[in-house]
Amino acid sequence: MKKWLSRTNSLILSAALIGIFILLTLFLRSLSGFQLDLSAGKQYTLSDQTLTALKNLGGDVRIIAFTVGTSANQRLNQDVSDMLDEYKKHSSKLKIEQYDLNQEPALAQQYGVSSASIVLEQGEQRRTIDIGTLFRAVDQEGNYEFSGEEQLTSALMTLSSAEKHKVAFLTGHEEIPLSSMTSLNSALQQGNVTAEEVQLNRDGAVPEDAEVLAMIGPQRDISTAELKAIRTYLGNGGKLLLALGFNQEMKSAWTNIDKLASDYGVSDLHAVTVDNTQTSTLGPLWVVPGFGDHDITRKLSESNLFPMLSLSIGVKAEEQSKWQLTSLLQSSDDSYAETNIQGLLNNETEYNEGQDTKGPVDLGFAADTQEGKPKAVILGTSSLFSDTEFMNGGNRDFALNTLNYLREQSNDLTIRPRQQQNYEVAYLTPVQARSVFVIAVAVIPLLFAAVGLLLWWRRRKA
């Protein structure tokens, strides 16, 4: 009787566990769109920018993927297919079709496609993405990066908009040239924004159709005539992005630049920020700042996505009543703004009371009108816009959010897709492949079966 009850209890417990498993499976399947992404870097989770773009789709979009079905392309095609499936989960407006290019040559020709491509079509508008550009080899071992989400989201955002915008970049004062800001320029182009260099000594005025005038890392001062031309542009509704760059002679070299910043209630400390706490592994001159509460920084703060700034110039707010000033970036309490630039260049720096500014040091301000409209952003750093530092930490998102805020594009204050890093391709010899097969298909199942039989035998003997 006792043995019979024990067996009955075991059967009931087993049936209950199986029932719970089935109910849990049905419950999870009932949750529309539910998934748990445990991959490194959340590679199967769409970015905030992508989700916003899908939410704002104005109408149905037909996406046609033409892939080439060879054994060499199998893994790459799967990446593309998985990405499209993930997009489809989040929008019923996407109509996705996938074809083998070699099996549908007439359809490919209809869309002007001769190589593996993704075609997006909405009404009369069409965008084509070369699938080959979505992958970038990182070494000779077959590892690669995948930028599919970034390019597909960009194509979706520009598909329904034919509007063109312009940002003017000042030159003539040893600023960082557009040729050294190709990543920034490419990101702007993906948003239908043209970056155009302007030299006031030659052109005479900032283009009237420029939404923002960007001054990125000027090393020499602007002339009085240039200051007047910039003030005229800003007085007629233009916006300003002034990003200061390190200059050994900045205290005496930036008279008119300092006047321009002062127009918006910001003054330059002419000192480099040294931070002993919020810093990268590269040293205390590489500040990883905290954020102030502003539209530019809010989503970055929520995602703990912080910029990495090198040789940052401290700035401070002046007493004034015209502008609403918001601090965007600050160093830690354990920091200071070093005024001894020569000592800094000789790797000699320490806080001197009465000369240096004790932290936290402000590294940037947004100047808005009393009605809350954007007017200017004054930053004590400019290297984050350059190709060498643009992809570090949150630099890209901070830079683009700053420009989009000045352009009054509130939907573009977001976190953008990350490039998926280091996909690895494993090549197995026939012996290794057979070993993996035998272990996975035979050894492990037999091991579990043996353990189960042993437990059953021991219970029976008991």
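The protein chain is annotated in an unreviewed UniProt entry as GldG family protein of Paenibacillus medicaginis.

Participant: Can you tell me about the layout of surface pockets, naming the residues and giving the values?
Facilitator: By volume, the largest pocket is sized at about 720 Å³. Looking at the lining of the largest pocket, the elements that each hand over two or more residues are helix H2 (48-55), helix H5 (148-159), helix H6 (182-190) and helix H13 (395-406). Residue contributions to the lining of the largest pocket peak at five residues, all from H5. Each residue belonging to the lining of the largest pocket can be placed in one class, and the counts come to nine nonpolar, 15 polar and six charged.

Participant: How would you summarise the pairing of strand E4 (residues 125-130) if you had to cite specific residues and measurements?
Facilitator: Inspection of the sheet shows strand E3 (residues 117-122) paired to E4 by six bridges, in the antiparallel sense. Residue pairing for E4: valine 119 is matched across the bridge by threonine 128.

Participant: Account for H2, with residues named and values stated.
Facilitator: When H2 is considered as a whole, its buried residues turn out to be Gln49, Thr50, Ala53 and Leu54. One face of H2 carries all of its buried residues, which in axial projection span an arc of 130 degrees. At its buried positions, H2 is contacted by helix H3 (74-90), strand E2 (94-100) and H5.

Participant: Describe in detail the pairing of strand E1 (residues 61-67), supporting the description with residues and values.
Facilitator: With respect to burial, E1 is a largely interior element, six of its seven residues being buried. Sheet analysis places E1 next to E2, joined by seven bridges and oriented parallel. When the sheet's bridge partners are listed, isoleucine 63 is paired in E2 with isoleucine 96. Of the crossover connections in this fold, the one passing from E1 over H3 to the parallel E2 is right-handed. Note: E1 against E3, five bridges, orientation antiparallel. From the neighbouring strand, arginine 62 faces E3, where its bridge partner is glutamate 121.

Participant: Could you give an account of the packing of aromatic side chains, with specific residues and numbers?
Facilitator: Each aromatic ring pair is characterised by the separation of its centres together with the angle its planes make. One pass over the full model with this rule turns up six aromatic pairs. The interplanar angle of 20 degrees and the centroid separation of 5.1 Å between the aromatic rings of phenylalanine 291 and phenylalanine 306 together place this pair among those described as stacked. Taken together, the positions of phenylalanine 291 in strand E14 (residues 290-291) and phenylalanine 306 in the loop between helix H11 (298-302) and strand E15 (309-310) put the pair 15 residues apart, joining distant regions of the chain. For phenylalanine 306, a relative accessible area of 29% gives the class partly exposed. One aromatic cluster in this structure is built from Phe66, Tyr99 and Tyr111.

Reading the values: the criteria
- Residues numbered from 1 in each chain as written.
- Predicted model: local features only at pLDDT ≥ 70, side-chain atom pairs only at ≥ 80, totals over all residues.
- Heavy atoms only, no water.
- 1 Å grid on protein atoms, 1.4 Å probe; cavity = no way out; pocket = protein on both sides within 12 Å on 5 of 7 lines; lining within 4 Å.
- Points joined across faces, edges and corners; volume = space filled by probe spheres on them.
- Helix = DSSP H or I, 4+ residues; strand = E, 2+ residues; numbered from the N terminus.
- Nonpolar A, V, L, I, M, F, W, Y, C, P; charged D, E, K, R; others polar.
- Pairing = 2+ DSSP bridges.
- Buried < 20%, exposed > 50% of the residue type's maximum accessible area, 1.4 Å probe, protein only.
- Arc of directions from axis to C-beta.
- Contact = heavy atoms within 4.5 Å.
- Right-handed = clockwise from strand over helix to strand, strands pointing away.
- Phe/Tyr/Trp six-rings, centres within 6.5 Å; stacked < 30°, edge-to-face > 60°.

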